[in-house]
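Residues per chain, in single letters:
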Amino acid sequence: MDCTKRINPHLTAHDHLLDWKDHTREEVLKVLELTRLLKEAHRQGVQVPLLRGKVLGMLFFDSSLRTRVSFEAAMAMLGGHAEFLTPKTMHVGQGNESMRDTAEVLSRMCDAILIRVEDDAVLHEFAKFSFTPVIDGGGMSYHPSQVIADVFTMMEHLPGVPFNEMTIMFMGDNNNDSEFACVPVQRSLMNISAILGMTYVACSPVELQPTQEDRDTFARLTEENESGARLIVTSEPDECIAQADFLVGEVFTFKGMSEHTGLSDQELRDLRMGMLYPKYQINAALLAKGKPNVGVMHCMPGNRDEEITSEVWDGPNSLLFEEAENRLHAQKGICTWLMYDRQPDEALAAYHRGRIEACLQDSRAY
């Protein structure tokens, strides 16, 4: 062995899943098709162990229900294992190991890494030094695993309808640079809409409309994928409600916002509610102006009777719980896409098994 050569990671953004903007339309469609096939098998009581022997490392610097459980359950059902880690269980969380060292060690032991962290710099530092694919588990900028479930839910709700005939209206904060930004789902949904050719309506107050950078990204992804996607920016819900196939709500305030702004939770709540409620609330009055089968969505967790009224949340137009369930199937699709490779040749497997068993038999002789 040549010890003078240092082995270094060489993965690019395209090898990771930090957001769908780093991937092609064909790759997105592949994951959606895998999600469909795996859900169909699941519904018939079949789990296909495509990832037997694979390990997904999961680093959560923040709380999670849907993301954590969906990835853990997905790996178990696919025959693999998910290893859950928090800052308290790692040296990096105690301040006595660098993120680079954590990344290099953990990625040598796992086949992919999922990270949820509020600091994008931490995510990108880890990805830079990882030997295996890194998945953004929902930070401050993007949430790619959520929006695959969202789009898949839309496909189920409107079977056979092509993407270029679907219109999404995102209600609330669409501006990642605002002082009160909480838009990782919005940005990923906007990007995947551009890739697939959907019409995306950013419906919010002027000060919370998409940044020029995000609009430029939408235009670039639309052109690169020749998708024909359209971006509509409006501050008036009534302008586009009649054409919307899906209304997507998002939290008006989020955990940790007070630390970013210096305002108290109550001050933030009063400010945000004043900016966004009731004009940007999804309620029965708004639904009455839209299509009879308009689907209402929310990544959850959410605040009932704030961004969406309970009447709508639990009503016939709600897709919230189907969307949440589809996180499981979407995570199966993502994990399979990132980690699957063919099982080793049977003869090769038998060869190694024979050598190992012979070693064990020799040890018993003593």
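Treat the numbers as computed from the prediction; the structure is a model and nothing was measured.

K.L.:
Explanation requested: the overall build of the protein in the structure shown.
P.N.:
The helix and strand inventory of the protein stands at 14 helices and 9 strands. For the protein, with 366 residues in total, the buried portion stands at 52%. Long-range contacts, defined here as pairs at least 24 residues apart, represent 76% of the contacts in the protein between residues at least 6 apart. Total accessible area on the protein stands at roughly 17,200 Å², and carbon and sulfur atoms take up 52% of it.

K.L.:
It is not clear to me how unusual backbone geometry should be interpreted in this structure. Could you clarify?
P.N.:
Of all residues except glycine, most have a negative phi; of all peptide bonds, most are trans. The peptide bond linking methionine 300 to proline 301 adopts the cis configuration, its omega dihedral lying at 5°. With respect to the element layout, proline 301 can be found in the loop between strand E9 (295–298) and helix H12 (310–313). A positive phi angle, close to 60°, is found at methionine 300, a residue other than glycine. Looking at the secondary structure, you find methionine 300 in the loop between E9 and H12. We classify methionine 300 as buried; its relative accessible area is 14%.

K.L.:
So what exactly am I meant to see when it comes to empty space enclosed by the protein here?
P.N.:
Remark: the empty space left among the atoms is shown by a probe the size of a water molecule rolled over them. This structure, assessed with the given rule, holds 1 cavity of 30 Å³ or more. Here the largest cavity defines a volume of roughly 30 Å³. Every residue lining the largest cavity is listed: Leu38, Ala41, His42, Val46, Gln47, Val48, Leu78 and Lys332. Considering every element that reaches the lining of the largest cavity, the biggest residue donor is helix H1 (residues 25–43), with 3 residues.

K.L.:
Which parts of the structure should I look at to understand helix H8 (residues 212–224)?
P.N.:
Think of an α-helix as 3.6 residues a turn; residues three or four steps apart then line up on the same face. For H8, with 13 residues, the first-to-last C-alpha span of 18 Å sits near the 18 Å given by 1.5 Å per residue. Those residues of H8 that fall on the buried side of the exposure criterion are Asp214, Thr217, Phe218, Leu221 and Thr222. Buried residues along H8 cover an arc of 130° about the axis, so they all sit on one side. Among the exposed residues of H8, those pointing more than 90 degrees away from its buried face are Gln212, Glu213, Glu223 and Glu224. Packing partners of the buried residues in H8 comprise helix H7 (184–196), strand E6 (199–203) and strand E7 (230–234).

Scoring rules and cut-offs
Residues numbered from 1 in each chain as written. Predicted model: local features only at pLDDT ≥ 70, side-chain atom pairs only at ≥ 80, totals over all residues. Heavy atoms only, no water. Helix = DSSP H or I, 4+ residues; strand = E, 2+ residues; numbered from the N terminus. Buried < 20%, exposed > 50% of the residue type's maximum accessible area, 1.4 Å probe, protein only. Contact = heavy atoms within 4.5 Å. Areas by Shrake-Rupley, 256 points an atom, 1.4 Å probe, with all protein chains shown as cover. 1 Å grid on protein atoms, 1.4 Å probe; cavity = no way out; pocket = protein on both sides within 12 Å on 5 of 7 lines; lining within 4 Å. Points joined across faces, edges and corners; volume = space filled by probe spheres on them. Expected span 1.5 Å × (residues − 1). Arc of directions from axis to C-beta.

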